[in-house]
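This is what each chain is made of:
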Amino acid sequence: MEQAYWLAWAKIPQIGPVLLKRIYQRFGSLAVAWDAPDLDLLEVEGIGRQTITSIVAARLEVDPSKVLEDYQQNNPYFWTPSDPGYPKLLWEIPDPPLVLHYLGNLTAWTERSTVGIVGTRNPSGYGRRWAQKIGKALAENGFTVVSGMADGVDAEAHRGCLESQGHAIAVVGTGVDLVYPPKNQSLYQEIIKSGLVVSEYTNGTRPDRAHFPARNRIIAGLCRAIIVIEAPEKSGALITAHQANEYCRDVFALPGSLDAPQSLGCLKLINNGAQIILGIDELMLSLGAMPGLDRESQIEATQISRQVQLPLLEPVQQRILEAIAFGEPVGFDRIVETVKLPTGEISGALLQLELMGAIAQSPGMRYQRLG
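Residues numbered from 1 in each chain as written. Predicted model: local features only at pLDDT ≥ 70, side-chain atom pairs only at ≥ 80, totals over all residues. Heavy atoms only, no water.

### Regarding the packing of helix H11 (residues 211–222) against helix H12 (residues 236–246)
Part 1 of the reasoning: Where H11 meets H12, the closest approach of the two axes is 9 Å, and the angle between their N-to-C directions is 45 degrees. On the basis of their axis angle, the class for H11 and H12 is oblique. In this structure, the crossing between H11 and H12 has a hand that is right-handed. Of the residues in H12, those in contact with Pro-213, Asn-216, Arg-217, Ile-219 and Ala-220 of H11 are Gly-236, Ile-239, Thr-240, Gln-243 and Ala-244.
Part 2 of the reasoning: Across the contact of H11 with H12, the residue classes break down as 5 nonpolar, 4 polar and 1 charged. (Axes fitted to C-alpha atoms, helices over the stretch in contact; angles between N-to-C directions. Helix = DSSP H or I, 4+ residues; strand = E, 2+ residues; numbered from the N terminus. Parallel < 35°, antiparallel > 145°, perpendicular 65-115°, else oblique. Left-handed = near helix turned anticlockwise from the far one by under 90°. Contact = heavy atoms within 4.5 Å. Nonpolar A, V, L, I, M, F, W, Y, C, P; charged D, E, K, R; others polar.)

Written as structure tokens, this is what we have:
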């Protein structure tokens, strides 16, 4: 039933992804928040009297159950952030999509092994070759390849992944039931056979220039690393790379010739701190794809071979440690939501726990318990 309330809250004009995430974190349930007193809602940062007026009006006019029933008629497959299938990495970003529609056969994947590949729609032969080559290598090493199914680098990366029987996720700026560009119809069909097409836009939504920058944040949010193949100085791929950097994801860039306009964006990324791609082996090593021992296995082996002797913990440290699981890493926002302490205090305690060897930090401000 929580789905109904995500849809109902999303109908309130002044409530966007950032504010709705704060509301959910404050109440732990949007169903609870829907019936919360005005004074409790005013405690949420960003909610003022004008927003309260909109919320009160919506409560009188909107029936969450009816909203869900109507929505499902045209959009049968979707996740909201409270659903188990909603990607945990995506929830970590400041403005996660309130609804993520999907189509395909990829029901679950290891989120720490999602890597995005982005780049220009007009790559050189060099760029096309390396997009396919890296897409193929990622699939062979167990990574899930995320891109936008656009012409050029996106399509070549998807093809390379699929040629190696890998799993591809296409994040689109239309409804998941539409193919854009239309000439990628066969690629679309191949992706949904073993992968997934996802979008925050409802079925039937046509392409719009304004949709694609928003789409890029989802690509960055879904991945623990972003690879830029070729990008001119003004490119949507660079927007994705900058967003990935803001989300504390790893960013890699393929070097190219100074004479090639498609390479200038990548060269600037490298100059500004992006990791340079010097070959497939080096890239796989950086991503944690050691032959015969992936990142997950390394962590498990560490837990078995090393018994962490912890000193007596302070109460705050103990509470934080209890909020972090031994399995899948937990995002910083989830820890804050669980522990309910100021973020500065939690950050300091996390650093102390990391220095003790009690936890390990993964890309994207995610933490895993070791002791």
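### With respect to the sheet that holds strand S3 (residues 114–118)
Part 1 of the reasoning: Taken in spatial order, the 9 strands of this open sheet run S1-S2-S6-S5-S4-S3-S7-S8-S9, and their pairing is mixed. Only two strands of the sheet have a single partner each, and these edge strands are strand S1 (78–79) and strand S9 (275–276).
Part 2 of the reasoning: Pairing of S3 with strand S4 (residues 144–147) involves 3 bridges; the strand directions are parallel. Residue Thr-114 lies in a different strand from S4, and its bridge partner there is Thr-144.
Part 3 of the reasoning: Each of S3, S4, strand S5 (168–171), strand S6 (196–199) and strand S7 (225–228) touches H11; the most contacted strand, S5, lies at about 150 degrees to it. (Pairing = 2+ DSSP bridges.)

### Let's talk about the nonpolar core
Part 1 of the reasoning: Counting residues in hydrophobic clusters, the biggest one holds 62 residues, and the most contacted among them are Trp-9, Ile-23, Leu-30, Leu-222 and Val-228.
Part 2 of the reasoning: Of the residues forming this core, the biggest block, 6 residues, is contributed by helix H1 (residues 2–10).
Part 3 of the reasoning: Leave out the neighbours within four places in its chain, and Ile-23 touches Trp-9, Ile-15, Leu-30, Ala-33, Val-44 and Ile-47. (Core = buried A, V, L, I, M, F, W, Y, C linked by side-chain atoms within 4.5 Å. Buried < 20%, exposed > 50% of the residue type's maximum accessible area, 1.4 Å probe, protein only.)

### Here's the deal with the sheet that holds strand S10 (residues 330–331)
Part 1 of the reasoning: Across the sheet, 3 strands lie side by side as S10-S12-S11; this open sheet has antiparallel pairing. Sheet topology places S10 and strand S11 (359–362) at the edges, where each strand pairs with a single neighbour.
Part 2 of the reasoning: Sheet analysis places S11 next to strand S12 (residues 366–369), joined by 4 bridges and oriented antiparallel. When the sheet's bridge partners are listed, Ser-362 is paired in S12 with Arg-366.
Part 3 of the reasoning: Here helix H18 (residues 343–356) sits on the sheet in contact with S11 and S12, set at roughly 115 degrees to S11.

### Quick look at the packing of aromatic side chains
Part 1 of the reasoning: Enumeration over the complete set of coordinates arrives at 10 aromatic pairs.
Part 2 of the reasoning: Centroid distance Trp-6 to Trp-91: 6.1 Å. Interplanar angle 85 degrees. Geometry classified as edge-to-face. With Trp-6 in helix H1 and Trp-91 in helix H7 (residues 88–91), the pair connects residues that are 85 residues apart, well separated along the chain.
Part 3 of the reasoning: Given a relative accessible area of 1%, Trp-91 falls into the buried group.
Part 4 of the reasoning: With a centroid separation of 4.2 Å and 20 degrees between ring planes, the pair formed by Trp-79 and Tyr-102 is classed as stacked. With a gap of 23 residues between them, Trp-79 in strand S1 and Tyr-102 in strand S2 (residues 100–104) connect regions that are remote in the sequence. (Phe/Tyr/Trp six-rings, centres within 6.5 Å; stacked < 30°, edge-to-face > 60°.)

### Examining the confidence of the model for the protein
Part 1 of the reasoning: Across the protein, pLDDT averages 88, with 92% of residues at or above 70.
Part 2 of the reasoning: Residue range residues 289–309 is modelled with pLDDT below 50. Its contacts to residues more than four positions away, or to other chains, number 30 contacts. (pLDDT = per-residue confidence, 0-100.)

### A few points about unusual backbone geometry
Part 1 of the reasoning: Here the residue pair Tyr-180 and Pro-181 is connected by a cis peptide bond, since its omega of 0 degrees sits within 30 degrees of zero.
Part 2 of the reasoning: The backbone of Met-149 sits at a positive phi, close to 60 degrees, despite the residue not being glycine.
Part 3 of the reasoning: Structurally, the position occupied by Met-149 is in the loop between S4 and helix H9 (153–163).
Part 4 of the reasoning: You can call Met-149 buried: its relative accessible area is 0%.
Part 5 of the reasoning: Of note, the phi angle at Gln-165 is positive, near 60 degrees, even though the residue is not glycine.
Part 6 of the reasoning: With respect to the element layout, Gln-165 can be found in the loop between H9 and S5.
Part 7 of the reasoning: On the basis of relative accessible area, Gln-165 is assigned to the exposed category, the value being 68%.

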